[in-house]
Amino acid sequence: MSEETHPPAMQHMAQHVLNQLQEHRSRCPPSSRPTPLFVGVQGPQGSGKTFLTSRLRAHLSSPPHALAVTVLSIDDLYLPHSGLQNLAESHPRNILFQGRGQPGTHDVPLGTSVLKNLKKINEVGAGTVEIPFFDKSLYNGKGDRVSRGETVNGPLDVVVLEGWCVGFFPTSKEVVEERWKEPDIFDMKTFVSVDNILAVNERLKQYVEWWDALDAFIQIKGPPSAQLSIIYRWRLQQEHNMKAKNGGKGMTDDQVKIFVDRYIPGYVFFGDGVTRGSSSGGGTETEQLPSWIGKGLSLRLVMIESSCILQRTSYLPSTLWDSSRVKSDLGTPSFVTIHHIDRAVVEPNQTGLFNYLHSIFADEVDKGLTYPQEDIKDPTAFGAYFFGGDVLIAIISKGDPPAIKSEERGVREIEQSLDAARHGQTWEECVAGFYYVKPNYPGRSSHICNAGFVVPPSQRGSGYGRILAKSFLHYAPALGYKASVFNLVYNNNVASLKLWEALNFTKAGLIPKAGRLRRQDGEGEEYVDAIVFYKSFEDTGLNTH
């Protein structure tokens, strides 16, 4: 399939998967074959997630990538028809269990077995893995599992798990009851009770083991003006398309309406688990963060003349920063705006920016004084390393600052695009600095982040490094991280040491001879100790101005 036949949304998804795959492989010992990268894809019914994941698979499986990719739909993990009937009969007063859909209607042991076997499929001597298949057209649209599914052979590079509730986390009884009291725009209380929802919540606890297998995530959202209500129309269109292809087998329009009704409580009560994880009483504490924090991509469906386009909407608001130390060359105060970007922002529309950031970072690595890499001249290697997470870029502007949208704890949010902030300047003139933020550890410790900062040589000595550092204390918690660890702050980087100490970072340890660095005088190399810095974001007390 040619590049042109793929929708733009799939290109964003593919780039995200390739970046995460590079990061995933870099964490594997060279002597062993890495496990497949597990990617979760969540989106509402009819949003196109199945279509997009099939295109994603076709794209990644074709040259130049030629990856081995398999897709597992959570819909194929439903209980067989007999199991769904037994569940409905044992819960006659719970409409959420009267048919497939909600957590509790899936064969959790089967799904766990399939995921575990796929996780081990690259090991020596691993056998094939049978992917189940659920035919939704059987039993007048109620569906049943069929005997023959796909047989997958290793080795695999990527496994995609897609479904409407992938990444939904259980919550507490208190949170469910609090949300039950909120305005009910879907008239849920006419067909469901709070006890029905608590029963689903209890079943959802079994699914967390599935989510723990995921290394990265992609979420597809509906239009902000009709994020849930539009699901009815999408699902009806989906059913009509299926019936047109199979000779009319499927649900009536009224049955589709009742069918979607049963899904809405899942979105309302558990949907925010994709970004927040599981919550305890009061909804203010997090018991378990998703394993994909810092490794997720969010795409929003926007309706345009009855068609849909997909846009990433996970960018955090831009912010405005100033300092008495930062002056323009005209003697008038300048200000800095900081923007949340990713690879999709700089390619293909801003390839000049990508190339400039790459050249600055590659030169810094070549100096051999601050980063452990010895060579990162390859653009692909730079993209995978620096754009493997979230990236923040600081832009120098002059004249009147943009209007402040909101201000909290000294952080001023603005509405300004990267091009507007640039205001016709070259990247060399306006980039004050940039940094990445990504998990420092995998899985259960992925709530702790790491960051790498770069200030172009031409901009040093003007206080921009301190602005970047202070903005990090705002953006890292906003991205969902609870703390930060800087693994290697070399002792020769005096400015950096002073900066983190001034911002109350804790010296968590010292690593003797951590880096083989070039000497400051350029004469040979020497081993240099490194400090490990730690900072909790639970209460930064941030006040930056």
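In what follows, the structure referred to is the one given above.
Residues numbered from 1 in each chain as written. Predicted model: local features only at pLDDT ≥ 70, side-chain atom pairs only at ≥ 80, totals over all residues. Heavy atoms only, no water.

**Details of the overall build of the protein chain**
- Within the protein chain, the secondary structure is distributed over 18 helices and 20 strands.
- In the protein chain, buried positions account for 52% of the 545 residues.
- Total accessible area on the protein chain is roughly 24700 Å²; 50% of this is exposed by carbon and sulfur atoms. (Helix = DSSP H or I, 4+ residues; strand = E, 2+ residues; numbered from the N terminus. Buried < 20%, exposed > 50% of the residue type's maximum accessible area, 1.4 Å probe, protein only. Areas by Shrake-Rupley, 256 points an atom, 1.4 Å probe, with all protein chains shown as cover.)

**Some words on the packing of aromatic side chains**
- Enumeration according to the criterion identifies 34 aromatic pairs in this entry.
- Three or more aromatic residues joined by ring pairs form one cluster here, namely Phe354, Phe361, Tyr371, Phe382, Tyr385, Phe386, Phe387, Phe434 and Tyr436.
- Geometry around tyrosine 436 places lysine 438 over its ring, the cationic atom sitting 4.5 Å from the centre. (Phe/Tyr/Trp six-rings, centres within 6.5 Å; stacked < 30°, edge-to-face > 60°. Lys NZ or Arg CZ within 6 Å of the ring centre and 35° of its normal.)

**Quick word on the environment of glutamine 219**
- Structurally, glutamine 219 can be placed in strand S6 (residues 216-221).
- Between the C-alpha atoms of glutamine 219 and lysine 49, which are 170 residues apart in sequence, the distance is 9.1 Å.
- With residues up to four places along the chain from it excluded, the contact list for glutamine 219 reads Gln42, Val274, Thr275, Leu297, Ser298 and Leu299.
- A distance of 3.0 Å separates a polar atom in the side chain of glutamine 219 from a polar atom in the side chain of glutamine 42. (Contact = heavy atoms within 4.5 Å. Polar contact = N/O pair within 3.5 Å; in protein donor to acceptor, adjacent residues only side chain to side chain.)

**Comments concerning the sheet that holds strand S19 (residues 506-518)**
- With mixed pairing, the 10 strands of this open sheet are ordered in space as S14-S15-S11-S12-S13-S16-S17-S18-S20-S19. If you trace the sheet from one side to the other, it starts and ends with strand S14 (404-408) and S19, each paired once. Averaged over all pairs of adjacent strands, the angle between strand axes in this sheet comes to 25 degrees, irrespective of strand direction.
- In this structure, strand S13 (residues 390-397) lies alongside strand S16 (residues 431-439), joined through 6 bridges in antiparallel fashion. Counterpart to valine 391 in the pairing with S16 is tyrosine 436.
- Along the sheet, helix H14 (residues 379-386) makes contact with S13, S16 and strand S17 (448-454), crossing S16 at roughly 65 degrees.
- Of the strands in this sheet, strand S11 (318-321), strand S12 (335-341), S13, strand S15 (411-414), S16, S17, strand S18 (483-490) and strand S20 (525-536) touch helix H17 (residues 464-478), which is tilted by about 35 degrees from S16. (Pairing = 2+ DSSP bridges. Axes fitted to C-alpha atoms, helices over the stretch in contact; angles between N-to-C directions.)

**Here's the deal with the nonpolar core**
- Within the largest apolar cluster, 57 residues are counted, with the highest numbers of intra-cluster contacts made by Leu118, Phe168, Ile197, Trp210, Trp211 and Leu214.
- Ignoring sequence-local partners within four residues, the contact set of leucine 214 consists of Phe38, Val39, Gly40, Leu161, Val166, Ser291 and Trp292.
- Counting residues in each nonpolar core, the second largest holds 36 residues, with Tyr464, Leu468, Phe486 and Leu499 among its members. (Core = buried A, V, L, I, M, F, W, Y, C linked by side-chain atoms within 4.5 Å.)

**Points about the pairing of S20**
- The pairing of S18 with S20 spans 6 bridges and is classified as antiparallel. Bridging from a neighbouring strand, serine 484 pairs with lysine 535 of S20.
- The pairing of S19 with S20 spans 9 bridges and is antiparallel. By the bridge assignment, leucine 510 is partnered in S20 with isoleucine 531.

**Focus: the packing of H17 against helix H18 (residues 494-502)**
- Packing of H17 against H18 brings their axes to within 11 Å, and their N-to-C directions diverge by 40 degrees. Classified by the angle between their axes, H17 and H18 sit oblique to one another. When the axes of H17 and H18 are compared, the crossing they make is right-handed. Of the residues in H18, those in contact with Gly465, Arg466 and Ala469 of H17 are Leu499, Trp500 and Ala502.
- Within the contact of H17 with H18, the residues separate by chemical class into 4 nonpolar, 1 polar and 1 charged. (Parallel < 35°, antiparallel > 145°, perpendicular 65-115°, else oblique. Left-handed = near helix turned anticlockwise from the far one by under 90°. Nonpolar A, V, L, I, M, F, W, Y, C, P; charged D, E, K, R; others polar.)

**Looking at unusual backbone geometry**
- Omega for the peptide link from proline 63 to proline 64 comes to 10 degrees, which places this bond in the cis form.
- If you trace the backbone, proline 64 turns up in the loop between helix H2 (49-61) and strand S2 (69-73).
- For asparagine 504, which is not glycine, the phi torsion reads 65 degrees and is therefore positive.

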